[in-house]
Each structure stands twice: as structure tokens, then as C-alpha cells.
Amino acid sequence: ASIASTDIRLLLQDDVFVDFFNTFLNLPVFGQTPLYISGTGRWYLWPGLPSHLDPSPAALLAWLGKHRLPHFCKSSLCLHLVLCQRLLAFIRSGEAAELLNWQGADRWLLERCIGGSQGMRHFCAFVRGTAGEELIDFWLITERLLGLDESDGSQRDLSSSLVLRLRATHLREGSSVVTLCTTTLGSLPKARHIQSVSTRREILSKMQEQALFMIQIYWLPKFFVHCKMGMKEEESCQPLLQEYQERLSQEPRGLSEPLPTMHIKRSQGVSGPYCSQKAKAAVWALVKEGRDTQELKMATFGVKPEEQPGPAGSMEEFCLDKDAWGLIPQQSEHPAFGGRGVTFPGRPQSSTEQDLENLCKEKIRPGLPPSASLARLPSLKKPVRTLDFLPWALSAEACAGRPFRDFLQSQNRPMETHLLDLWHDLEEFLPVVLDSNRENSFFLRHLIGEKICKTYLEEDSVEKLPLETRTLVSLWNHLICGEFSPWIFRAQKEICKVLCGLYDEFLADDDRTFLQFMAPGMDVPVPEVPGRAAGSGEHFHLSQRMNRSLKLSQALHGTRSLEGVSSKHWQLLAARDLQKGGSIQAEMEVLL
């Protein structure tokens, strides 16, 4: 709420906010996807406006404040920003200096390590599998819950869902949160049974404060030691460590530089009208055709690689690529893909199973391999339909505050809104059921599976859904038991077919509102402007920028499994400069 009520000019003076906001702005659900470089005060627009226009920064900020910031404030990225700001405030405080004996250089280095969306992903990866992971998850859920008005009917369903999630996970007897957060606060396990909203909020607020305190005084110092040790082993981090040593020996005086004048990079010309849907299609085509130029990583449930039978003997559940566009979180690295799961060995496939196999292969959209040479990029021969990239857009929407859902509601489309909610609930179910090592995975998969069945698949609801009967029945049979089923993908594909045309309308509406601010009086589409067309190199860069934004957002949102800490994290830390593009730019530099 405090972020939503703050003038966006003031927000953009905070480099940490800019980093999270850039990650949000480049999620591939939106039409216009700008990027802000705070060190130079320059905005980069994509798609670009016609070169004869002189876009106004004030108009851009007004548009961002009205059509992007409200969605950002409802996103998981915003929750992680708030947590990051709380941790940074503690790092800079006198309390931290007194309790942990941190000097100015220590604070500077730890801020470099944890500041920004990439830094928070690193911190979350570090605490994964520990009590620290549960404390962070509890803090984030509680922060979202306490920010809701439970008397507001439009927020009541979300509020009830979050309360149920807390009761099923972090407020269970014996959980890390109950154990650690009630030591000093008394008999708070009773919080899960309290029905009074005001009393429950008060207790949860106290537990949240205690959880944050434990993260600050225990997990932050451990993370700091981990970072210093890891950087010593990484050659690219040596300049950072050298500056740290210099700061230890002599405290530099902080001289605040004047803020650069904000401006927008002028477009060099656009061949064709301003239309984000067509611009996105060109980028998606590059990714889609790229799947023919790389080797897919194969994985089969319950079958070791050396024992994989031929196509007639098994159903290969998934064709996987580590750098896929995030529809299922890094399945090739999941323990669930090693020796358990669903297989259909020793019997011929029915036509339905064959359809599902093809669908599972189609579900995974591989991105271009990191080593792809621009000279070898595939040509854009085949037109790409909205349906081809809608699953990517919907995956990004979950991390972006649900802008497409808001659009459907504004168009009075209750059935389509209901379908979109089902798509997202199925998407949330997948990483929980596929990653058995996830905290509270057993309780969560049963909670989410039962919620999906009761909300969408019972008799009074199922008749309203324009999906095939066998799809709905198969979903019910598996989800009611908390089981994985490839029918999830069939259902999601059927939903996409229904929503496809409405997503085109959403992009057109996004273009319309953008042009109303940036080029008043100009209709959609803009008359064709002569100039250069975006080349394959630019399309490659844009596809990877959105890909990195999506993967980073999904890792924080929980729909992609966090990678274990590796040398890549240290390379990203060395490349990251919040004033020069921050997390996204660092990802691109390491990639290229």
C-alpha cells in the first residue's frame, strides 16, 4: 500500500525498486515492455514508437503509475521487494552494527549480495531446505494476508485461501514457524484455531515480526559468510573483493551524485504499425523455431536413462529443456524425475495416451541454447499465432499481478475469468506435486488438489466449463487424491483455445492505453512508418531478456524450483550493477 501511494518519480530514485520493477516490466504478458537504466536516466521502449515522435518522460511515468504500478503492487515480486527493503534497513541499522559487529564495508558488500531481485533469489536458494525457507515463506504469505481487507467481498476468497494455506503448512503443530516464533511470544499455536479476524491478524503480525527477526539475526549473517567464501573461489568476483578490502582499511566518504535527467531513447524507425501483438509474435517465432536447432533433454518418470524402452513400450511424459520458457519449473533437475511418478510401461498406447504424449512434448517450449550464435539463428518463416505463445504469457501473468484477469473482469467475462483461475491453479499445483523435496509438499498438493476439485470440478461448477468431459473427469480422479496427471496439460491447452482471442483484445487494449498517454490522438494501429525492421539479433536479445525476467520471477513466485547455489550465482553477482540494468542486464551479460 505504501508503494502504491508513493509518486513513481520518488520510487525510481531507489535502485533496488528499479531492479524489481524492471524484472516485472519485462514479463512477457504485457504489450509494451520498457527497461529503465537508472545510472543514465534512460528508458528503452519495446516495441518502439515511430521515430518522428518525441516521447515525453512525464507521459511515460503517468502511464506506468496508472497501468503498471497497481499490478506490480499485487505481484510476488513486490512482496520480495518489501522483504528485501526490510533486510537492507536492518543491514544499515545501528542495531546490526552492535549485534553483529558489522563495519561499513561489511554492510556495503552484503547490500551488493542481497539487493535486487537476483540477490533475493540467491538468498532464497541459500536457505532452501532449511527452517529459513519456511520463515521466509511464512513472512511473505502473512505480508500478503495482512495487506488485504478481509471485509471486502472481492478480497475475501483470496484471504480465505491464504489462511487455509497457513493452517495447512506453517501453523501446523511442530512446524519451524510455530517452534521458532512462539518461544518468546507465548502460546501462539492456538492462532490456527482462532476465528476472530482482528485477533488472528494481531497474532500473525507478532509472529511475522518474530520470523523477520530470526531471518535478520541468524540467516543474514550466515548468508554473508557464505557469500564471502563463495566469491573467493570465483575469479570474476575478485575486483569486488578487492574493493571490499579497500573499504575495510579506509571508509570512503559517501558523496551522492546528482540524479541524471530522465529521458527516453528515440527509436531509429519502425517498419510497420505500432502493434505489440505482432512484435511479440516475431520474438516468439524465433524461440519456437529454435526448438528445431537444439537437442532436447529427455526425462521419463520412473525409467532410468539406460533402461528407457522404445516409443512403443512407454509414454515419454516430458521432453525437457533446462532453459525452457518456465511452464514447469526445471523438471529435468527435480528429484521427482529420477525414480518415481507415473509411467505406462509394457502396454501399447491408446490414441488418448498418444495425444497426451504429443501434448506433453508440445507443452515444453525450449528457449534458444545459451551458446546460440546470432549468425545461426533460424529464419522467421512461419507465422506464429497467439495460441503458440499464450501459455508463456499466462505463466508470466501469475507473477505480474494478474493483469489479464483484471481485463477479463472489466469486460464482464465471468466464465473466462473462472477458466483463467483454473489455469493458474493447475499451474500452481504442478511444482508442488512434482517436487517432493519442497517444504510442506504433501500438505500443499492435497490442499490445492481439493481446492481445484471443489471450486471447478463439482457438478454445479463443471457444467459451466467449456472443456471436454473426459478432461474434467480425469482431472477430478487424480487431483482429488493430490496426484499428478498429464490431463492437466490437456485442460490448460483447452483453456488457452478459449482465451486466445481475448488475449489479443487485452494486448490491443494495452496498446491503446499506452498510445493515449504517449501519442494522444493516434489510433491503433499506428500508420506505417518507414524504417528498419528489428533484426534477428535484436529479436534474440529481446527473447532472452523476457526469458530471464520470467525465470527469475517464477523462482521467487514459487512456480519454478530454485536452482542450487553454483558458480553462476557468483558470476551474476560480479556482473550485477543496479545502476546499469541490474539483475536482468547481469543475466544477459553472463549469457552472452
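See the structure above.
Residues numbered from 1 in each chain as written. Predicted model: local features only at pLDDT ≥ 70, side-chain atom pairs only at ≥ 80, totals over all residues. Heavy atoms only, no water.

Enquirer: With reference to specific residues and values, describe helix H7 (residues 104–114).
Expert: Of all eleven residues making up H7, eight are buried, and the element is well covered by its neighbours. Those residues of H7 lying buried are Gly 104, Ala 105, Asp 106, Trp 108, Leu 109, Leu 110, Cys 113 and Ile 114. Gly 116, located one to two residues past H7, shows a positive phi value of around 95 degrees. (Buried < 20%, exposed > 50% of the residue type's maximum accessible area, 1.4 Å probe, protein only. Helix = DSSP H or I, 4+ residues; strand = E, 2+ residues; numbered from the N terminus.)

Enquirer: I'd like a description of the side chain of Asp 425, backed by residues and values.
Expert: One can find Asp 425 in helix H19 (residues 414–434). Once you skip the residues sitting within four places of it in the chain, Asp 425 turns out to touch Ile 448, Lys 451, Ile 452 and Tyr 456. (Contact = heavy atoms within 4.5 Å.)

Enquirer: Could you give an account of the pattern of salt bridges, naming the residues involved and the relevant values?
Expert: All chains considered together, the criterion is met by 13 salt bridges. Between Arg 470 and Glu 468 there is a salt bridge whose closest N-O contact spans 3.1 Å. On the basis of relative accessible area, Arg 470 is assigned to the partly exposed category, the value being 35%. Taken together, the shared-partner salt bridges connect Glu 397, Arg 402, Arg 405 and Asp 421 into one network. (Salt bridge = Lys/Arg side-chain N within 4 Å of Asp/Glu carboxyl O.)

Enquirer: Please set out the packing of helix H5 (residues 76–91) against helix H8 (residues 116–127) residue by residue, giving values where relevant.
Expert: Running from amino to carboxyl end, H5 crosses H8 at an angle of 80 degrees, the nearest separation of the two axes being 10 Å. Compared by their axis directions, H5 and H8 come out roughly perpendicular. Residue-level inspection shows His 80, Leu 83, Cys 84 and Leu 87 of H5 in contact with H8, the latter providing Gly 116, Met 120, Phe 123 and Cys 124. Here the contact of H5 with H8 is built from residues that sort into six nonpolar, two polar and no charged. (Axes fitted to C-alpha atoms, helices over the stretch in contact; angles between N-to-C directions. Parallel < 35°, antiparallel > 145°, perpendicular 65-115°, else oblique. Nonpolar A, V, L, I, M, F, W, Y, C, P; charged D, E, K, R; others polar.)

Enquirer: Go over the packing of aromatic side chains, please, and point to the residues and values.
Expert: In this structure the tally under the stated criterion is 20 aromatic pairs. Measuring from ring centre to ring centre gives 5.3 Å for Phe 24 and Phe 72, while their planes differ by 70 degrees; the resulting arrangement is edge-to-face. With Phe 24 in helix H2 (residues 15–25) and Phe 72 in helix H4 (residues 69–72), the pair connects residues that are 48 residues apart, well separated along the chain. Of the two residues, Phe 24 and Phe 72, both sit in the buried class. Centroid distance Phe 389 to Tyr 503: 6.5 Å. Interplanar angle 75 degrees. Geometry classified as edge-to-face. With Phe 389 in helix H17 (residues 386–399) and Tyr 503 in helix H23 (residues 487–518), this pair connects stretches of sequence that are 114 residues apart. Here Phe 389 and Tyr 503 have matching classes, each one buried. In textbook terms, an aromatic cluster arises when at least three aromatic residues are bridged by ring pairs, as seen for Phe 17, Phe 21, Phe 24, Phe 30 and Phe 72. (Phe/Tyr/Trp six-rings, centres within 6.5 Å; stacked < 30°, edge-to-face > 60°.)

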